[in-house]
Amino acid sequence: MILILGGTAEARALAAALDAAGAPVTSSLAGRVARPRLPAGAVRIGGFGGPDALARWLAEHGVRAVVDATHPFAERISASAARACAQAGVPLLRLERPGWRARPGDHWHWVDDLDAAAASIPRLGARRVLLTTGRQGLAAFASVRDAWFLIRCVDPPAPPLPPRHELLLDRGPYTLAGEGALIDAHQIDLVVTKDSGGDHTAAKLDAARERGLPVIVVRRPPRVGAAGSVPTVATVAEAQAWALAHPPAERGV
Ligand code: NAP
C-alpha cells in the first residue's frame, strides 16, 4: 500500500490518480478540519503519535512507499515522516508545490514567521487587514491593537485573537472577482499570507496587485534534519510515477 500524508489539494489529486491507476492507496489526514474534503481511496484520520509510532504503523500496514504531500508549513509531520521512513526502511518522497513569486506591480514584504508578520503591521501603517494565515498561530496577532482584522479560515480559531476582528469561515478555491469584492467591501489596506503556493488561494495576490496593496508574505519554514534531505518533486505527475514504481508485493512486481 502507498501512504499519502495529505491535507492539501495536491495530496487529493495524487490519491485520485493512484486510485484510478488501480494502486492501493491510503491517505492520512491530521483531523484538524471538521469537515475535510475526502480523497479517493482509503482514508485514515488523526495523528500517529510521533515518528516511532508512525514507523510501527508503516510496518504493520505493509506500506511500500510514502508520499509526504502535506502543506509546506506542516513542519512536524514532515520531520516525523522523514525519521519514521528511515527507521522502517520505507522509501519517502516529498511532494511540495512551488512557492509564490512576486510579479511586477506587487508590493510584498517577506517575513520569517507570524510574529514578524504581526510586528510589521504597525510599521506599514495598516488599519484594515485581511489575515489569511490559517487558524493556527493567530495568537501572534493578539497584541496588534491599532488595526482591524478580517480573519479568514476554514474552522473557527481558538483565542487569543486580535481585539478588533471579524471572522470569515470559508475555504478556497477563490476567484479574482471574489477576492477583489471582499477587499473592496471591507476597505482592506493590507493582506497577510503564508507562502502557501498553488492556484487555490493565489487570487488574493492578484487582487492586491490590481489595487496596489501591500502584502506580508510569511516565508516557508526551512526543512531541517532528516526532512531536509528527502527527495522532492513539485508535481502530482512526478509523484504518481514515483509511487507506481513501488507497487505492493501482492501484485508480484
Ligand atoms: P504539523 O504541525 O506538521 O503536525 C502536527 C501533528 O499533527 C503531527 O506531529 C502529527 O501528529 C499530526 N499530523 C499532521 N499532519 C498529519 C497527517 N497528514 N496525517 C496524520 N497526522 C498528521 O501539521 P499542521 O501544520 O498542524 O497541519 C495539519 C494538517 O493540515 C497537515 O496534514 C497539513 O497538510 C494540513 N494543512 C496545514 C496547513 C498549515 O498552514 N500548517 C495549511 C493547510 C493544510 P503525530 O505526531 O501524532 O503523528
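Structural notes, computed from the coordinates. (Residues numbered from 1 in each chain as written. Predicted model: local features only at pLDDT ≥ 70, side-chain atom pairs only at ≥ 80, totals over all residues. Heavy atoms only, no water.)

What follows concerns the pattern of salt bridges. One pass over the full model with this rule turns up 13 salt bridges. Between Asp 184 and Arg 211 there is a salt bridge, and its shortest N-O distance comes to 2.7 Å. One end of the pair, Asp 184, is in helix H5 (residues 176-185); the other, Arg 211, is in helix H6 (residues 203-211), and 27 residues separate them in sequence. Judged by its relative accessible area of 31%, Arg 211 is partly exposed. (Salt bridge = Lys/Arg side-chain N within 4 Å of Asp/Glu carboxyl O. Helix = DSSP H or I, 4+ residues; strand = E, 2+ residues; numbered from the N terminus. Buried < 20%, exposed > 50% of the residue type's maximum accessible area, 1.4 Å probe, protein only.)

Moving on to the site of the ligand. By nearness alone, 21 residues border the ligand, and Gly 6, Ser 28, Phe 48, Gly 49 and Lys 194 come closest of all. Relative to its unbound accessible area of 810 Å², the ligand is 81% covered by the protein chains. When residues of the shell around the ligand are traced back to their parent elements, those giving at least two are strand E2 (25-29) and helix H3 (75-88). Residue contributions to the shell around the ligand peak at three residues, all from H3. For the shell around the ligand, a count of residues per class yields six nonpolar, 10 polar and five charged. (Near = heavy atom within 4 Å. Areas by Shrake-Rupley, 256 points an atom, 1.4 Å probe, with all protein chains shown as cover. Nonpolar A, V, L, I, M, F, W, Y, C, P; charged D, E, K, R; others polar.)

This part is about H5. Given 3.6 residues per turn, any residue in an α-helix points the same way as the ones three and four places further on. Those residues of H5 that fall on the buried side of the exposure criterion are Glu 179, Gly 180, Leu 182 and Ile 183. Angularly, the buried residues of H5 cover 160 degrees about the axis, an arc narrow enough to put them on a single face. Turned more than 90 degrees away from the buried face of H5, the exposed residues are Ala 177 and Ala 185. At its buried positions, H5 is contacted by strand E7 (128-131), strand E8 (148-153), strand E9 (165-169), strand E10 (190-194) and H6. Phi for Gln 187, located one or two positions after H5, is positive at around 50 degrees. (Arc of directions from axis to C-beta. Contact = heavy atoms within 4.5 Å.)

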